[in-house]
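The residues making up each chain are set out below.
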Amino acid sequence: MSGKASGSAPRSRRTLILIALVAVAPVVASYAAYYWFPREKQVNYGELLPTRPAPEITGTARGATFRLADLRGKWVIVTAAPGACDAACAGALYATRQARTIQGQEMERVARVWLVVDDAEPDPAIAAEQPDLTVVRAPTGALAEWPAGADRIYLVDPLGNLVLAWPRDPDIKAMAKDVTRLLRASRIG
């Protein structure tokens, strides 16, 4: 009997070690994957902004007073440019329109705003090309308190917070992908 007891001890020890290895293996594998195969650090294309309320903008749209707060409940893409919309301005407006259109059925959750920051009158042809665009005559320094001023295209969430800032000449598909991700993740707006 003593021979059987001493033979089963090494087998029991091996079983215990095997169980411990099986329990520890996923933890070791996860650490190895995390440090040896890091994933892409940034998933979004636009610059993620610190969460804070968007500075209030007040202006005139279609002869009535406009406040950015009036669009609460929608995702708002905001761009600012002079009324004599140059090629860069036209490109930014086109990019915002395409990013919204790509959302398909969800595009009604997204509003677009063009802040006209000078006294020049926008070309009526631009308004005809951009039927869903809200054109707002705003004071010259309307975006002075925003992180990058008028040099960016901004996304404001349905609660009125700044979320993302894209370059003035964005990659339209990447911009639309950012908006798609946010719309999918959010049930507000």
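Relevant structure appears above.
Novice: Please explain the pairing of strand 7 (residues 152-156) as it appears in this structure.
Specialist: Within a regular strand, the side chains alternate between the two sheet faces. Here strand 7 lies mainly inside the structure; 4 of its 5 residues are buried. Both strand 4 (residues 75-81) and strand 7 contribute to a ladder of 3 bridges, which runs antiparallel. Its bridge partner lying in strand 7, Val78 is registered against Tyr154. Connecting strand 7 to the next strand, strand 8 (residues 162-167), in antiparallel fashion are 5 residues, including Gly160 with a positive phi near 90°.

Novice: What exactly am I supposed to notice about the pattern of salt bridges here?
Specialist: Any two side chains of opposite charge can pair, on the condition that their charged atoms come close. Taken as a whole, this structure holds 8 salt bridges when the rule is applied. Three or more residues are tied together by salt bridges with common partners; here these are Arg100, Glu108, Arg112 and Asp132.

Novice: What exactly am I supposed to notice about the side chain of Asn161 here?
Specialist: By secondary structure assignment, the location of Asn161 is in the loop between strand 7 and strand 8. Look past the residues within four positions of Asn161 in its chain and what remains in contact with it is Thr51, Arg52, Pro53, Ala54, Leu155 and Val156.

Novice: Help me understand the state of the cysteines in this model?
Specialist: Two cysteines whose sulfur atoms are joined by a covalent bond form what is called a disulfide. A full pass over the atoms with the stated rule returns 1 disulfide. Covalently, Cys85 is tied to Cys89 through a disulfide, its sulfur atoms 1.9 Å apart. Where Cys85 bonds to Cys89 through sulfur, the torsion about that S-S bond is close to -100°, and the disulfide is left-handed. Across the pair, Cys89 and Cys85 agree in class, each one buried.

Novice: What is the right way to read the side chain of Asp178 from this model?
Specialist: Residue position: Asp178 is located in helix 4 (residues 172-185). Residue Asp178 is classed as buried on the basis of its relative accessible area of 3%. For Asp178, the side chain forms a polar contact with the main-chain nitrogen of Tyr45, separated by 3.0 Å. Of note is the side chain of Asp178, whose polar atom sits 3.0 Å from the side chain of Trp166. With sequence-adjacent residues up to four places away left out, Asp178 is seen in contact with Asn44, Tyr45, Gly46, Leu164 and Trp166.

Novice: It is not clear to me how the nonpolar core should be interpreted in this structure. Could you clarify?
Specialist: Soluble, globular proteins show a tendency: their nonpolar side chains are buried together. Formed by 23 residues in total, the largest nonpolar core has its most connected members in Val78, Leu115 and Trp146. Of all elements in the fold, only strand 4, strand 5 (110-116), strand 7 and strand 8 reach the threshold of two or more residues within this core. When near neighbours in sequence (up to four residues on either side) are disregarded, Trp146 contacts Arg52, Ala54, Pro55, Ile57, Leu68, Val78, Tyr154, Val156 and Leu162. If you look at the next biggest cluster of nonpolar residues, it comprises 15 residues, including Ile153, Val163, Trp166 and Ala176.

The rules behind each value
Along each chain, numbering runs from 1 in the same order as the chain's sequence is written. Totals for whole chains, interfaces and linings use all residues, but because this is a predicted model, local features are given only for residues with pLDDT of at least 70 and pairs of side-chain atoms are given and counted only at 80 or more. To obtain the side-chain values, all non-hydrogen atoms of the structure were included, while hydrogens and water were left out. Relative accessibility thresholds used throughout: buried, under 20% of the residue-type maximum; exposed, over 50%; partly exposed, between the two (1.4 Å probe, protein chains only). Helix numbers and strand numbers start at the N terminus; a helix is a DSSP run of H or I with at least 4 residues, a strand a run of E with at least 2. By the convention used here, strands pair only if DSSP detects at least 2 bridges between them. A carboxyl oxygen of Asp or Glu within 4 Å of a side-chain nitrogen of Lys or Arg is what we treat as a salt bridge. Throughout, a residue-residue contact means that at least one pair of heavy atoms, one from each residue, lies within 4.5 Å. Here, a disulfide means two cysteine sulfur atoms that sit within 2.5 Å of each other. Under this definition, polar contacts are N or O atom pairs within 3.5 Å; protein pairs additionally need one hydrogen-donor-capable and one acceptor-capable atom, and for neighbouring residues in sequence, both atoms have to be side-chain atoms. Nine residue types can take part in a nonpolar core, namely buried Ala, Val, Leu, Ile, Met, Phe, Trp, Tyr and Cys, and a core is a set of them joined through side-chain atoms within 4.5 Å.

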